[in-house]
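Below, each chain spelled out in residue letters.
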Amino acid sequence: MKLSEQSLSIIKSAIQKAVAKYTCNCEQTAVTDIHLQPDQTSGQLNVYNDDDEELANVMIEEWATYDGDDFLENVEPSLRSILCRMKEAGDFEKITILKPYSFVLVDEEKETVAELLLIDDDTILVNDELLKGLDKELDDFLKELLEK
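A few points about the sheet that holds strand 5 (residues 112-119)
Argument step 1. Pairing is mixed in the open sheet, where five strands are placed in the order 3-2-1-4-5. Taken across any chain shown, the strands that pair with only one partner, and hence form the sheet edges, are strand 3 (54-59) and strand 5. Between one strand axis and the next, the sheet turns through 15° on average, direction left out of account.
Argument step 2. Note: strand 1 (residues 34-38) against strand 4 (residues 101-106), three bridges, orientation parallel. Residue pairing for strand 4: His35 is matched across the bridge by Val104.
Argument step 3. Helix 1 (residues 5-20) contacts strand 1, strand 2 (44-48), strand 3 and strand 4 of the sheet and is inclined by roughly 165° relative to strand 3.

Printed below as a string of structure tokens:
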């Protein structure tokens, strides 16, 4: 599902609004993850913390008109992309949530569907794209070592 620039901007604004509740010039104190819950029926994106406190809520028109059975699978790449761009832009640097914390995609029962982004100084989440071809590279490397 390809979202319009307006929808992408609305989602980004909702995430910024949600994390703004954890931004101040004090030390890191909050312990939570940020849960993103898109709803295909209403088109709503709800953003919660671990205590189910709503941090933001926006309407995405394209979600309400989507009629496929693979809604969450189609929404996940867009949300992941927005979050990665925000991280690269430094949008999460002044957040007072203790690291590591995650942005998590959840379904209507608030069950985790996917971890969209892990924020940590020492850990990097690898995705399928990064791991493509790794088996072949490792096999070739091992073969080369054994031949020497």
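Read on for the rest.
Some details on unusual backbone geometry
Argument step 1. Geometrically, the link from Lys99 to Pro100 is a cis peptide bond, its omega value of 0° lying close to zero.
Argument step 2. Counting through the fold element by element, Pro100 comes out in the loop between helix 3 (71-88) and strand 4.
Argument step 3. Even without being glycine, Asp52 reaches a positive phi, approximately 60°.
Argument step 4. Relative to the helices and strands, Asp52 resides in the loop between strand 2 and strand 3.
Argument step 5. If you check the backbone angles, Lys110 has positive phi at about 65° while not being a glycine.
Argument step 6. Take Lys110: it is sitting in the loop between strand 4 and strand 5.

Points about the pairing of strand 5
Argument step 1. In this structure, strand 4 lies alongside strand 5, joined through six bridges in antiparallel fashion. Across the sheet, residue Leu105 finds its bridge partner in strand 5, namely Ala114.
Argument step 2. Hairpin connection of strand 4 to strand 5: five residues between the antiparallel strands, including Lys110 at a positive phi of 65°.

Quick notes on the rules
- Residue positions are given per chain, counted from 1 along the sequence in the order it is written.
- Under the rules for a predicted model, residues below a pLDDT of 70 receive no local features and side-chain atom pairs below 80 are neither given nor counted, while totals for whole chains, interfaces and linings still include all residues.
- Only hydrogens and water are set aside when side-chain values are computed; all heavy atoms of the structure are taken into account.
- Strands are treated as partners if at least two bridges between them are detected by DSSP.
- The way it works is that DSSP assigns letters per residue, a run of H or I at least four long becomes a helix, a run of E at least two long becomes a strand, and they are numbered from the N terminus.
- To obtain each axis, a line is fitted to C-alpha atoms, and for helices this fit is confined to the stretch in contact; angles are then taken between N-to-C directions over 0 to 180 degrees.
- Whether two residues are in contact is decided by their heavy atoms: any pair within 4.5 Å suffices.

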